[in-house]
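Fold and geometry: a report
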Amino acid sequence: MKVNINLFRSAAFVLFAGVISLFFVNDTKAAYESSWSIEPPEYIAEAQLPLVEDLRLLENRTLSLESKRLVQDDTASTFIASRLASSEDKVIPRHVKDNPKKVVTATGYTAGEESTGKNPGDPLYGITFSGVEVTRDHYSTIAADPKVFPIGSILYIPGYGYGVVADTGSAIKGNIIDLYYDTVDEVFNEWGKQKVEVYVLKEGDGTFTEEELHKLNQGA
């Protein structure tokens, strides 16, 4: 049988070229996959930029929250109510109406951990900045900025009653006051957070004692 050498050579060449072509196709594919794993195409990298920015924002928020916790550790009283309420249409005693007035934001607090970070058994539990014990009575102890309402100042707060400034707090700055309640439920159910016009019955001299508080409530 006579074999056509030229035909054999052509077939061998085609087979060899096919193998070489397959090798290069696979190699190209591998190189393409490798380039993706090392450095993604430009449009994918751009799509990930908002994610990077979000992570940076979260990092900043975490730092802010940590800083806030550090401030609260030194706070005599903190806000524990944010439910907005209204003090409008409250009855104002006649003898109060002629006194100077000031608009403030009033919140409520307790002696407990949720407001002061202290629990029963702590030597300073329930003790105000002035040294008197927190009281909810006819005349109650409240917290204020001493630059606005000095310790010993007596206010009439519509919907709450008479309050004597006996406490302060690093969160109580400017026209903000914090009203003492015995329980958290009372804070939320009876007060919440209100913008209210208070009446200044007496400006304090920077001091206040248990004896003075006792006299006020005994004479009420």
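These remarks concern the structure in this document. Positions within a chain are numbered from 1, following the residues in the order the chain's sequence is written. Residues qualify for local features only when their pLDDT is at least 70, as the model is predicted, and side-chain atom pairs are given and counted only at 80 or more; totals for whole chains, interfaces and linings, by contrast, use all residues. As a rule here, side-chain values come from all non-hydrogen atoms in the structure, and water together with hydrogens is ignored.

**Topic: the overall build of the chain**
Rules: Counting from the N terminus, the helices are the DSSP runs of H or I reaching at least four residues and the strands are the DSSP runs of E reaching at least two. Throughout this description, buried means an accessible area under 20% of the type-specific maximum (1.4 Å probe, protein chains only), exposed means over 50%, and partly exposed covers the range between. Should any heavy atoms of two residues lie within 4.5 Å, those residues are considered in contact. To be clear on the numbers: accessible area is Shrake-Rupley with a 1.4 Å probe, and residue cover counts the displayed protein chains and nothing else.
What the chain contains, in helices and strands, is 6 helices and 6 strands. Shown N-terminal to C-terminal, the secondary structure of the chain runs as helices and strands in the order α-α-α-β-α-β-β-β-β-α-β-α. Split into buried and exposed, the 220 residues of the chain put 31% on the buried side. For the chain, the proportion of contacts with a sequence separation of at least 24, taken over those separated by at least 6, is 77%. Just so you have it, the chain exposes about 14,600 Å², and 56% of that area is on carbon and sulfur atoms.

**A word on the environment of Thr107**
As a reminder of what qualifies: Any pair of N or O atoms that falls within 3.5 Å is considered a polar contact. Within protein, one atom must be able to donate a hydrogen and the other to accept it, and sequence-neighbouring residues count only if both atoms are side-chain atoms.
Residue placement: Thr107 occurs in strand S1 (residues 101-109). Spatially, the C-alpha atoms of Thr107 and Trp191 are 7.3 Å apart, while their sequence positions differ by 84 residues. Of note is the side chain of Thr107, whose polar atom sits 2.6 Å from the side chain of Asp178.

**Observations concerning the pattern of salt bridges**
Definition in use: For this document, the term salt bridge refers to a Lys or Arg side-chain nitrogen within 4 Å of an Asp or Glu carboxyl oxygen.
Applying the stated criterion across every chain yields a total of 2 salt bridges. Here Glu197 ties to Lys101 by a salt bridge, and the two come within 3.9 Å at their closest N and O atoms. In this pair, Glu197 is assigned in strand S6 (residues 193-202) and Lys101 in strand S1, connecting sequence segments 96 residues apart. A salt bridge links Lys215 to Glu211; the shortest N-O distance between them is 3.6 Å. Taken as a pair, Lys215 and Glu211 lie in helix H6 (residues 210-219) at a separation of 4 residues, close to a single helical turn. We classify Lys215 as exposed; its relative accessible area is 56%.

**Notes on the sheet that holds strand S3 (residues 154-157)**
The cut-off we apply is this: Strands were regarded as paired on the criterion that DSSP finds at least two bridges between them. Lines fitted to C-alpha atoms define the axes here, with helix axes fitted over just the stretch in contact, and angles between the N-to-C directions of these axes take values from 0 to 180 degrees.
Taken in spatial order, the 6 strands close into a barrel running S1-S5-S2-S4-S3-S6, and their pairing is mixed. Taken pair by pair, the neighbouring strands of this sheet meet at an average axis angle of 45°, ignoring direction. Bridge count between strand S2 (residues 139-144) and strand S4 (residues 161-167): 5 bridges; the pairing is parallel. Within the sheet, the bridge partner assigned to Ala143 lies in S4 and is Asp167. In this fold helix H5 (residues 184-191) packs onto S1, S3, strand S5 (176-180) and S6, with an angle of close to 140° to the strand it touches most, S1. The strands touched by H6 within the sheet are S2, S3 and S4, with S2 carrying the most contacts at an inclination of about 135°.

**Some thoughts on the pairing of S1**
Relative to S6, S1 is paired through 7 bridges, and the arrangement is antiparallel. What sits directly across from Thr107, in S6, is Lys193. Of the strand pairs in this sheet, S1 and S5 are connected by 5 bridges, and their pairing is parallel. Across the sheet, residue Thr107 finds its bridge partner in S5, namely Asp178.

**Considerations on the pairing of S3**
Residue alternation in S3 divides its side chains into two sets, Ile154 and Tyr156 and Leu155 and Ile157, and both sets are buried. Once S3 ends, the chain turns through 3 residues before running back antiparallel as S4, passing Gly159 with a positive phi of about 90°. The pairing of S3 with S6 spans 3 bridges and is antiparallel. Across the sheet, the residue bridging to Ile154 is Lys202, located in S6.

**Thoughts on the nonpolar core**
Basically, it comes down to this: Here, the term nonpolar core denotes a set of buried Ala, Val, Leu, Ile, Met, Phe, Trp, Tyr and Cys residues that are joined through side-chain atoms within 4.5 Å.
Residues Phe149, Ile157, Tyr160, Ile177, Leu179, Trp191 and Val198 are the most contacted members of the largest nonpolar core, which totals 35 residues. Those elements that place two or more of their residues in this core are S1, S2, S3, S4, S5, H5 and S6. Dropping the residues within four chain positions of it, Val198 is found in contact with Pro100, Lys101, Lys102, Val104, Phe149, Leu155, Tyr156, Ile157, Pro158 and Ile177.

**Quick word on the side chain of Asp178**
This is how it is decided: Charged residues are defined here as Lys and Arg on the positive side and Asp and Glu on the negative side; His and the ends of the chain fall outside this count.
Along the chain, Asp178 falls in strand S5. Buried charged residue Asp178 carries no salt bridge. Nearest counter-charge: Lys193, at 10 Å.

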